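# Survey of secondary and tertiary structure
Letter by letter, the chains look like this.
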Amino acid sequence: MKVLVVGSGGREHAMAWKLAQSNRIQQVFVAPGNGGTARDSHLINVPISDGIQLRQWALDNKIDLTLVGPEAPLAAGMVDDFRLHGLRIFGPTQAAAQLESSKAFSKSFMQRHGIPTAEFQTFTQAEQAHAYVDAKGAPIVVKADGLAAGKGVVVAMTLAEAHEAIDFMLLDNALGVAHNEGGARVVIEEFLQGEEASFMVLCDGKHVLALATSQDHKRLLDGDEGPNTGGMGAYSPAPVVTAEVHARAMREVILPTIKGMEKDGIPYTGFLYAGLMIDTQGRIKTLEFNCRMGDPETQPILMRMKSDFLELLLAATSEGLDQFELVWDRRVALGVVMAAAGYPMNPRKGDAIAGLPSDQDEVMVFHAGTAQHDGKIVTSGGRVLCVTAMAESVRLAQQKAYSAVEPIAFDGMQWRKDIGYRALAQ
Ligand code: AMP
Ligand code: GLY
């Protein structure tokens, strides 16, 4: 089979790497891919980013299955368009992807279907938003309505920060959010405390199958300090997701979401990622939905997947997930993200990367913001690499990942030294 992976991040490198291991694979293409997928002899990069051109390319090249990694093409309707042209593709339709692409949509959806989430209100007028924040007090959370690559959320510890965030999002758009129809909107919500986990499932429109659990580190700096990012590291499994929390997440969040979407006439196919906040009593609230797998969570999750990823996706695109049993490696996988100078606000491109180790069974360097120029790998985006290792315990996986990080060098590189610390404390 010929398979196309859409995207250029670490998640897509991991997806393509895993697909290439399947027996039934003839060729894996990645569009547009990155430096890591370019230098992997099992993968071929296709330099097309435009959705319509890519669909035409997929038709011309008789692609059997397309897997979309990131949210932007899903929110733009790539699944609808490919299906319209008779192509097999895994992901949510544009309407279903609103669970991620519009905070206002997902919050009102959760409210309507009784899915636990933080108390909130939605605003288009800065004045009213300012008044609401003054009335509620800090800490409080301000979220832009549109897609913002993980940067559209400000957890304001003071009123001044909350007011600034409102102006940023509603007046200046300084965070570069892609506003939804009807213009700029913010959701302002109650500040929740607890521990976060990334809860991911696949859905074929009828059946749901949970992936292995995982946690990521969203803040830039050690000890979960500094600005929010797309994710600075991740590991699987997540000890905070006990069997009880798992059952609760399925019962209270995932199943009502899938049923709710069906009831609203928007059946859900694709990966669904619920960002959960778990309190000390094991109660959960939904922080957000993503309509895709997480990045960097995908890297450790796929490293632990023993099942054939292609067979899984074929089942997921033929309403066959009830017949599929996922098998996981019992070991722990942990990934450390190495980010560019200036990330997350203003990442620098073009720095040469030295000391990349060769791939091994238990240590993989998944590329994200890299490009290959004249046989050399250089930085080309905010999150550059995700160095992922698998071992018997969190401590050993951590040691193995950090020793693989050691020889890698590029100007201005940033990485956290404490990935996995919450799992070590459990
Ligand atoms: P989101 O994109 O909605 O998941 O927000 C990004 C990050 O902001 C989350 O992973 C949390 O760390 C934090 N966050 C979002 N909403 C809240 C909330 N209501 N209370 C506390 N932290 C939050
Ligand atoms: N790591 C969080 C995300 O992919 O949204």
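In the block above lies the structure referred to throughout.
Heads up: these notes are all about the structure in this document.

## Things to note about helix α3 (residues 51-60)
Listing the buried residues of α3 in full gives Leu54, Arg55, Trp57 and Ala58. When α3 is viewed along its axis, its buried side chains cluster within an angular range of 160 degrees and face the same direction. Among the structural elements, β1 (2-7), β2 (27-32) and α5 (78-84) are those in contact with the buried residues of α3. For α3, the capping residue at the N-terminal end is aspartate 50, with a side-chain oxygen 3.3 Å from the backbone nitrogen of isoleucine 52.

## Quick notes on the pairing of strand β20 (residues 370-373)
Sheet topology places β20 next to strand β21 (residues 376-379); four bridges connect them, and they run antiparallel. In the sheet register, glutamine 372 faces β21, and the bridge partner there is isoleucine 377. Counting the residues in the hairpin turn of β20 and β21 gives two residues, including aspartate 374, whose phi is positive at 50 degrees.

## As for the site of ligand 1
Lining the immediate surroundings of ligand 1 are 15 residues, of which Lys143, Glu189, Leu192, Glu196 and Glu288 lie closest. At 2.8 Å from a nitrogen atom of ligand 1 is found a main-chain nitrogen or oxygen belonging to glutamate 190. Glutamate 288 is positioned with one of its side-chain polar atoms (N or O) 2.9 Å from an oxygen atom of ligand 1. Taking 460 Å² as the accessible area of ligand 1 by itself, protein coverage stands at 93%. Elements that contribute at least two residues to the shell around ligand 1 include exactly β7 (140-144), β8 (153-156), β9 (186-190) and β17 (284-290). Classifying every residue of the shell around ligand 1 by side-chain character gives seven nonpolar, one polar and seven charged.

## Structural notes on the site of ligand 2
Taken together, Asp216, Lys218, Gly230, Tyr273, Asn290, Arg292, Gly294, Asp295, Pro296 and Glu297 make up the full set of residues adjacent to ligand 2. Contacts to ligand 2 include aspartate 216, whose side-chain N or O atom sits 2.6 Å from a nitrogen atom. Coverage of ligand 2 by the protein chains reaches 92% of its 200 Å² of free accessible surface. Tallied by class, residues from the shell around ligand 2 come to two nonpolar, three polar and five charged.

## Brief notes about the pattern of salt bridges
Across all of its chains, the model carries 24 salt bridges by this definition. Among the salt bridges present, the one from lysine 107 reaches glutamate 189, with a minimum N-O distance of 2.6 Å. You can see lysine 107 sitting in helix α7 (residues 103-112) and its partner glutamate 189 sitting in strand β9, a full 82 residues away along the chain. No difference in accessibility class separates lysine 107 from glutamate 189, as the two residues are buried. The network of salt bridges with shared partners includes Asp224, Arg416, Asp418 and Arg422.

## Focus: the sheet that holds β7
Read across the sheet, four strands follow the order β6-β9-β7-β8 without closing on themselves; strand pairing throughout is antiparallel. The sheet is open, and its two edges are formed by β6 (120-123) and β8, each paired on a single side. Averaged over all pairs of adjacent strands, the angle between their axes in this sheet comes to 20 degrees, without regard to strand direction. Sheet analysis places β7 next to β9, joined by five bridges and oriented antiparallel. By the bridge assignment, alanine 144 is partnered in β9 with valine 186. Sheet contacts for helix α8 (residues 126-136): β6, β7 and β9; angle to β6, the most-contacted strand, approximately 160 degrees. Across the sheet, helix α9 (residues 159-172) is in contact with β6, β7, β8 and β9; its angle to β7 comes to roughly 10 degrees.

## Observations concerning the nonpolar core
Within the largest apolar cluster, 47 residues are counted, with the highest numbers of intra-cluster contacts made by Leu4, Leu54, Trp57 and Tyr268. Once you skip the residues sitting within four places of it in the chain, leucine 54 turns out to touch Leu4, Val6, Ala31, Ile48, Met78 and Phe82.

## Some thoughts on the packing of aromatic side chains
For the structure shown, the criterion picks out five aromatic pairs. With a centroid separation of 5.3 Å and an interplanar angle of 75 degrees, the aromatic rings of tryptophan 17 and phenylalanine 366 are classed as edge-to-face. With tryptophan 17 in helix α1 (residues 10-19) and phenylalanine 366 in strand β19 (residues 363-367), this residue pair connects regions lying 349 residues apart in the sequence. No difference in accessibility class separates tryptophan 17 from phenylalanine 366, as the two residues are buried. Ring geometry for phenylalanine 105 versus phenylalanine 109: centroids 6.3 Å apart, planes at 10 degrees, classification stacked. Of this pair, phenylalanine 105 and phenylalanine 109 both sit in helix α7, separated by four residues, roughly a single helical turn. What makes phenylalanine 109 buried here is its relative accessible area of 0%. One cation-aromatic arrangement involves lysine 417 over tryptophan 415; the distance from NZ or CZ to the ring centre is 4.4 Å.

## Describing the environment of arginine 11
Summarising the element assignment, arginine 11 is placed in helix α1. With relative accessibility at 6%, the residue arginine 11 sits in the buried group. Residues arginine 11 and proline 70, 59 residues apart in the sequence, show an inter-C-alpha distance of 8.4 Å. With residues near it in sequence (within four places) discarded, arginine 11 still touches Gly69, Pro70, Glu71, Arg292, Met293, Gly294, Asp295, Thr298 and Gln299.

Cut-off values and rules
For every chain, the first residue of the written sequence is number 1, and numbering continues from 1 along that sequence. To read the labels, note that chains go from A and ligands from 1, taken in the order they are written. In keeping with the predicted nature of the model, local features appear solely for residues at pLDDT of at least 70, side-chain atom pairs appear and are counted solely at 80 or more, and the whole-chain, interface and lining totals rest on all residues. Values reported for side chains reflect all heavy atoms of the structure, with hydrogen atoms and water molecules removed beforehand. Exposed residues in this analysis have more than 50% of their type's maximum accessible area, buried residues have under 20%, and partly exposed residues fall in between, with area computed by a 1.4 Å probe over protein chains only. Under the scheme used here, helices are H or I runs from DSSP no shorter than 4 residues and strands are E runs no shorter than 2 residues, and both carry numbers assigned from the N terminus. By arc we mean the arc of the directions from the helix axis to the C-beta atoms, nothing more. Residue contacts are counted whenever heavy atoms from the two residues lie within 4.5 Å of one another. N or O atoms closer than or at 3.5 Å make up a polar contact, with two conditions inside protein: a donor-capable atom paired with an acceptor-capable one, and, for residues adjacent in sequence, both atoms drawn from side chains. When DSSP finds two or more bridges between a pair of strands, those strands are recorded as paired. Only heavy atoms are used to decide nearness, and a residue is near a molecule or strand if one of them lies within 4 Å of it. For every accessible area listed, the method is Shrake-Rupley and the probe measures 1.4 Å; residues are considered covered only by the protein chains on display. Gly is put with the polar residues, along with every residue not named as nonpolar or charged; the nonpolar set is Ala, Val, Leu, Ile, Met, Phe, Trp, Tyr, Cys and Pro, and the charged set is Asp, Glu, Lys and Arg. A carboxyl oxygen of Asp or Glu within 4 Å of a side-chain nitrogen of Lys or Arg is what we treat as a salt bridge. Helix axes are fitted to C-alpha atoms over the stretch in contact, other axes to C-alpha atoms as well, and angles between N-to-C directions run from 0 to 180 degrees. To qualify as a nonpolar core, a set must consist of buried Ala, Val, Leu, Ile, Met, Phe, Trp, Tyr and Cys residues joined through side-chain atoms within 4.5 Å. For this analysis, a ring pair means two rings from Phe, Tyr or Trp (six-membered ring only for Trp) whose centres lie within 6.5 Å, classed as stacked if their planes differ by under 30 degrees, edge-to-face if by over 60, and tilted for the remaining angles. Ring-over charges, as used throughout, are those where CZ of Arg or NZ of Lys falls within 6 Å of the ring centre and within 35 degrees of the ring normal.

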